[in-house]
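# A closer look at the structure
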Amino acid sequence: MDNLLDLSDRLYLDVLDFAHSTPHWFQLLAEVWTELGLLLFGALFLAGWWRSRTGSSQAMALALLAPLATAFGYVVSEGLKSLIDEERPCRAVVGAPAALVDCPAYGDWSFPSNHSAIAGAAAIALALSWRGIVWLTVPMAMAILMAFSRVFVGVHYPHDVTAGLILGGLVAFLVMRAARRPVTSLVETARSSRSAAVVWCAGRGPATPAHASARPGRRSRARHGAY
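As the structure is a computational prediction, the values presented were derived from the model and not from experiment.

## Details of the state of the cysteines
The tally for this structure, following the rule as stated, stands at 1 disulfide. The disulfide bridge from Cys-90 ends at Cys-103, spanning 2.0 Å between sulfur atoms. Across the S-S bond linking Cys-90 and Cys-103, the dihedral sits near 70°, which makes this disulfide right-handed. Here Cys-90 is found in helix α4 (residues 89-92), whereas its partner Cys-103 is found in the loop between α4 and α5 (114-129), with 13 residues between them in sequence.

Encoded structure:
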């Protein structure tokens, strides 16, 4: 365990040394990305909900669960952080260069990284609820980039962000799987509601072709009427 922590310390120093060697505009971009990435995930949640309004009840249920599962990922991460009083590397690592951003106040512990937990949870939740967007959330590594940026700006160890990604992703996966059926039932109930506002939020589901609304029994009687 000590060897792993020593390795994390060395990686932290290497990343921070690299950060200080990059142009100022790149450092500023990393600082902005640590927060902007969260907003981008929020925008993707909204887009997923909007497109699911004309989808199946299960698709809408997963779209609604995505931000909820992400929130659960954050809550579990924050709870674990309150139990493990790991000091921030920007104060604990001797001889480390100055962090690119202000070191969080004492008591705002380091392990695990909440930003990374949120990013990992959001990536998994979006991948499960919007299969066509996997190319954005996974191959482009939004979550990994956000986690790396937390080390880059100097406020987390590599093991903090790794644990955050795994923890958030696992919690989101379990929440999505456990709540899919009951939330699908709630969506079906909402879509049959008499409230226009509720139906608008839940969506009306897939459009039904006009010819599909004809009663098959009536066509069947017409065919057999001559006998």
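Next comes the rest of the account.
## Here we look at the environment of Ser-110
Within the element layout of this structure, Ser-110 appears in the loop between α4 and α5. In this structure, the C-alpha to C-alpha distance between Ser-110 and Ile-84, residues 26 residues apart in sequence, is 8.5 Å. When neighbours within four sequence positions are excluded, Ser-110 is seen to be in contact with Lys-81, Glu-86, Glu-87, Arg-88, Pro-89, Val-155, His-156, Tyr-157 and Asp-160. Here Asp-160 takes part through its side chain, which lies 2.4 Å from a polar atom of the side chain of Ser-110.

## Overview of α5
Across its 16 residues, α5 extends 22 Å between first and last C-alpha, which sits within 8% of the 22 Å expected from 1.5 Å per residue. Of all 16 residues in α5, 14 are buried, a share of seventy percent or more.

## With respect to the nonpolar core
The biggest cluster of nonpolar side chains holds 29 residues, and the ones touching the most others in it are Phe-41, Leu-44, Leu-126, Met-176 and Val-183. If you list the elements that add at least two residues to this core, you get α2 (24-52), α3 (57-83), α5, α7 (142-152) and α8 (158-191). At 8 residues, the largest contribution of residues to this core is made by α8. Counting residues in each nonpolar core, the second largest holds 14 residues, with Tyr-12, Val-15, Leu-100 and Val-153 among its members.

Rules and cut-offs
Residues numbered from 1 in each chain as written. Predicted model: local features only at pLDDT ≥ 70, side-chain atom pairs only at ≥ 80, totals over all residues. Heavy atoms only, no water. Disulfide = S-S within 2.5 Å. Helix = DSSP H or I, 4+ residues; strand = E, 2+ residues; numbered from the N terminus. Contact = heavy atoms within 4.5 Å. Polar contact = N/O pair within 3.5 Å; in protein donor to acceptor, adjacent residues only side chain to side chain. Expected span 1.5 Å × (residues − 1). Buried < 20%, exposed > 50% of the residue type's maximum accessible area, 1.4 Å probe, protein only. Core = buried A, V, L, I, M, F, W, Y, C linked by side-chain atoms within 4.5 Å.

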